[in-house]
Each structure stands twice: as C-alpha cells, then as structure tokens.
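An overview of the molecular structure
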Amino acid sequence: MSAIIVEKDLCTRCGICSEVCPMGIIVPAKEEGAVPETSADACIRCGHCEVFCPAGAITVNDRPTEKEPLPAGAGEIPAETLALYLKSRRSVRCYAKEPVPKEKILQVLDVARYAASGGNGQQVQWLVIHDKENVHRLAGLTVDWMRTIKNSSHPMSGYVPGLIAAWDAGIDPICRGAPHLVVAHIPENNPVASVDAFIALTHFDIAAPAFGIGACWAGFLSMAARSSYGPLLEALALPAGREYSYSLFFGTPKYRTRGIPRRNPLKVTWG
Ligand SMILES: Cc1cc2nc3c(=O)[nH]c(=O)nc-3n(C[C@H](O)[C@H](O)[C@H](O)COP(=O)(O)O)c2cc1C
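Keep in mind it's a predicted model, so treat the numbers as computed, not measured. (Residues numbered from 1 in each chain as written. Predicted model: local features only at pLDDT ≥ 70, side-chain atom pairs only at ≥ 80, totals over all residues. Heavy atoms only, no water.)

1. A short note on the site of the ligand
Heads up, the condition is: When at least one non-hydrogen atom of a residue lies within 4 Å of a molecule or strand, that residue is treated as near it. Think of a polar contact as two N or O atoms within 3.5 Å of one another; within protein, one of them needs to be a possible hydrogen donor and the other a possible acceptor, and neighboring residues in sequence only count if both atoms come from side chains. Note on areas: Shrake-Rupley, 1.4 Å probe, and residue coverage restricted to the protein chains presented here. Helix and strand labels come from DSSP, where a helix needs a run of H or I of at least four residues and a strand needs a run of E of at least two; each type is numbered from the N terminus.
Neighbouring residues of the ligand: Arg-89, Arg-90, Ser-91, Arg-93, Arg-176, Cys-216, Trp-217, Ala-218, Gly-219, Phe-220, Tyr-246 and Arg-263. Here Arg-89 contributes a side-chain N or O atom positioned 2.8 Å from an oxygen atom of the ligand. If the ligand stood free it would expose 620 Å²; the protein chains cover 64% of that surface. Of all the secondary structure elements, the ones that give two or more residues to the shell around the ligand are strand E5 (214–217) and helix H8 (219–226).

2. Digging into the packing of aromatic side chains
The relation between two aromatic rings is expressed through the spacing of the ring centres and the mutual angle of the planes. Short version of the rule: Side-chain rings of Phe, Tyr and Trp (the six-membered ring for Trp) are treated as a pair once their centres are within 6.5 Å; stacked means planes under 30 degrees apart, edge-to-face means over 60, and tilted covers the remaining angles.
Tallied over the entire structure, the rule returns four aromatic pairs. Here the aromatic residues Phe-198, Trp-217 and Tyr-246 are joined through ring pairs into a cluster of three or more.

3. A word on the environment of His-185
For the record, the criterion: Each residue's exposure class comes from its accessible area (1.4 Å probe, protein chains only) as a fraction of the maximum for that residue type: buried when under 20%, exposed when over 50%, partly exposed otherwise. A contact between two residues is defined here by any heavy atoms of the two lying within 4.5 Å.
Turning to its location among the elements, His-185 is positioned in strand E4 (residues 180–187). What makes His-185 buried here is its relative accessible area of 2%. Filtering out sequence-adjacent residues up to four positions away, His-185 remains in contact with Gln-123, Val-124, Gln-125, Trp-126, Leu-127, Leu-238, Pro-239, Arg-242, Glu-243, Tyr-244 and Ser-245.

4. Notes on the environment of Met-1
Summarising the element assignment, Met-1 is placed in the segment before strand E1 (4–6). Once the C-alpha coordinates of Met-1 and Asp-41 are considered, the two residues, 40 residues apart in sequence, prove to be 9.0 Å apart. The residues touching Met-1, leaving out its near neighbours within four places in the chain, are Ala-40, Arg-45 and Asn-61.

5. Let's talk about the pattern of salt bridges
The cut-off we apply is this: The salt bridge criterion pairs a side-chain nitrogen of Lys or Arg with a carboxyl oxygen of Asp or Glu, the two atoms within 4 Å.
Considering all chains together, one arrives at six salt bridges under this definition. Between Arg-63 and Glu-66 there is a salt bridge, and its shortest N-O distance comes to 2.9 Å. Residue Glu-66 is classed as partly exposed on the basis of its relative accessible area, which comes to 48%. We note a salt bridge from Asp-110 to Arg-113, for which the minimum N-O separation is 2.8 Å. Residue classification places Asp-110 among the partly exposed positions, given a relative accessible area of 34%.

6. A word on helix H7 (residues 191–207)
The criterion, for reference: Given a helix with a known number of residues, its expected span is that number minus one, times 1.5 Å.
For H7, built from 17 residues, the straight-helix expectation of 24 Å at 1.5 Å per residue is met to within 8% by its first-to-last C-alpha distance of 25 Å. Buried residues of H7: Ala-193, Ser-194, Asp-196, Ala-197, Ala-200, Leu-201, Phe-204, Asp-205 and Ala-207, and no others. Along its buried surface, H7 packs onto helix H3 (79–87), helix H4 (102–112), strand E3 (125–129), E4, E5 and strand E6 (242–251).

7. Some thoughts on the nonpolar core
As a reminder, the rule being used: The term nonpolar core refers to a set of buried residues drawn from Ala, Val, Leu, Ile, Met, Phe, Trp, Tyr and Cys, joined through side-chain atoms within 4.5 Å.
Core analysis: the biggest nonpolar cluster contains 34 residues, and Leu-181, Leu-221 and Leu-232 have the highest contact counts within it. Residue assignment for this core shows that the elements contributing at least two residues are E3, helix H5 (132–149), helix H6 (160–168), E4, H8, helix H9 (230–236) and E6. Sort the elements by how many residues they give to this core and H5 lands first, with eight residues. Leaving out residues up to four positions away in the same chain, Leu-221 has contacts with Leu-138, Thr-142, Ile-174, Cys-175, Leu-181, Leu-232, Tyr-244 and Ser-247. Ile-105, Ala-215, Leu-248 and Phe-250 belong to the second largest nonpolar core, which has 21 residues in total.

8. Thoughts on the side chain of Glu-50
To be explicit about the condition: Charge counting treats Lys and Arg as positive and Asp and Glu as negative, with His and both chain ends excluded.
On the secondary structure map, Glu-50 appears in helix H2 (residues 48–52). An unpaired buried charge is present at Glu-50: no salt bridge exists, and Lys-67, the closest side chain of opposite charge, is 5.2 Å distant. A distance of 2.7 Å separates a polar side-chain atom of Glu-50 from the backbone nitrogen of Val-60. Once you skip the residues sitting within four places of it in the chain, Glu-50 turns out to touch Ile-58, Thr-59, Val-60 and Lys-67.

9. Details of the sheet that holds E5
What counts here: When DSSP finds two or more bridges between two strands, those strands count as paired. An axis is simply a line fitted to the C-alpha atoms; with a helix, the fit covers only the stretch in contact. Between two such axes, the angle follows the N-to-C directions and lies from 0 to 180 degrees.
Ordered in space as E3-E4-E6-E5, the four strands form an open sheet in which the pairing is antiparallel. Looking at which strands have only one partner, the edges of the open sheet turn out to be E3 and E5. The sheet shows a mean angle of 30 degrees between the axes of neighbouring strands, taken without regard to direction. Looking at chain direction, E4 and E6 are connected through eight bridges and run antiparallel. When the bridges of E6 are listed, Val-183 appears paired with Ser-247. Set on the sheet, H7 makes contact with E3, E4, E5 and E6; between it and E6 the angle comes to about 10 degrees. Against the sheet, H8 touches E4, E5 and E6, its axis set at about 165 degrees to E6.

These figures capture arrangement, not role.
Below is the structure:
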C-alpha cells in the first residue's frame, strides 16, 4: 500500500513533496504521466507532502477523508499581534465561579493535537479532572506528600512548611482553588514522549486565553506525581501503562490583565 494518494491529473511533478518529506522517502515523478511514489513502511504520516503540495494533488493515505485544505490567508496572524498575544499570556490563579464547559476544553485540546511530537509519534493523551472537588482532593494529596518530605534531605524540604501551613489554614497553594486540572500522560519509560507532553501542554497554555480560559502550570502537584507518590498516583488513576508527565490547573479567569510585566533582558550569543 502506498503512503500517499496522488491525483495524476493535478500533479505538476514539481518535486516539492519529495523536498519537504522529512524521511526522504518520496521519489519525485519526472516523466509525463508518472506520479511521486513512497513506501508506507517508513512514512511517519506527518502530512508535509500533502500540505506543501501547491496543486493539492497529494492526500496522505491515513484517514484520507479528513484532508483539510487551508483557505488562502486563513490562520495568518500579523507578527505584532502574535507577539502581543504571547507576551500577554499569564499564569492565571484566580477564577470566576463559572466552570469551563467540557466542549471548550475539548476545543483547546484539539489545538494541542497539532503540537510537534518526536517522529510524529503523537503519544500524548489527556486526563481532565473536571470536578472541582477532585482537583481539591489532588491538591490535598500533594500536601500529604509534602508532609513526607518536610524533615528529609529533599531539596524542597525547607520550602514545604509554609505551603503545608497555608493548606492547614484553608488556603490552597497547590492548585489555587482551580476548578479543573489537565494532565498530559505518556507511555511509560519514554523520554521522547516526555518532551512531547511538555510541548503539548505548552500549546494548551498558550491557546487557552483565546478560548477564555486561564491556566497555570501545576508544579507542586507534578513534583509529587513525578516522585511517584502512591496515594496521588492512585487518585489520578491513569490508564495502565501510562505515565504522568505534567499538568496545568485552569478555569475561567476572574480578572483581566492591563499590561505586560517586565522580564529579564534578552541574552543571546551568536555562533
Ligand atoms: C514548570 C512550571 C511549574 C510551575 N508551577 C507553579 C505552581 O505549582 N504554582 C503556581 O502558582 N505557579 C506555577 N508556575 C507558574 C510560574 O510561577 C509563572 O510562570 C511565573 O511566575 C511567570 O509568570 P507568568 O507565567 O504569568 O508569565 C509554574 C511555571 C512553570 C513553567
């Protein structure tokens, strides 16, 4: 079976498909009436041959009915607008009462599906804790983990007493009272997929504001989960064979920002 379907009448034999293929497996068509060929075995189904083909002549032979042409100009954002959007993305820790509807969360996760992944492996899957009480329970379990390292040589041991005291006083310093949590999980023992998960979560973090969602990286909860704290992992109940990578807590932002905070000056060296 060929990895690509080529419409002979549309193919101009320009050779772009062959040039952009990251695997170098497309043999360009040279003669009149011939079409580019590739083997299905080595194809990673990244879709580059399909989306770079100026004639629309190629369809990747992977759910071919889902081919999605891009109308001219669609998705183009002026650089200044994009820069302001990205610079104004903030970690959101204060939430309005309205929960984020599941449909909207799915829309953001749908965007994250298009994040880069090693070898186009697309190994990241998601656990969404939609129930606020459950998020609170996970925060409590993270504090329980902190109690176990309080008097140990763990690098965080000096930092956790304040967090534990806040929790005991009724404040949630772990998930900040967020109504939802999204966990990216990957196959066990797969360092490449681990990077993929961070990239996919970054897509979520960046896309969220456009959907009216405010997110924040769940660093403390992730420390506990990545330390394999049993009660927390049991409560998360990831599917068998899957490993916690990282997570974001999120909700509907309570406040809007009015400016862009200062950051360190750019430090660049050129080689
Ligand atoms: C890996 C990582 C872990 C983080 N963990 C937490 C966390 O547990 N709790 C929290 O309130 N913020 C957390 N943050 C948010 C940072 O504090 C925040 O990104 C930083 O202060 C800069 O603010 P900004 O994201 O609004 O630009 C984390 C951020 C990253 C990248």
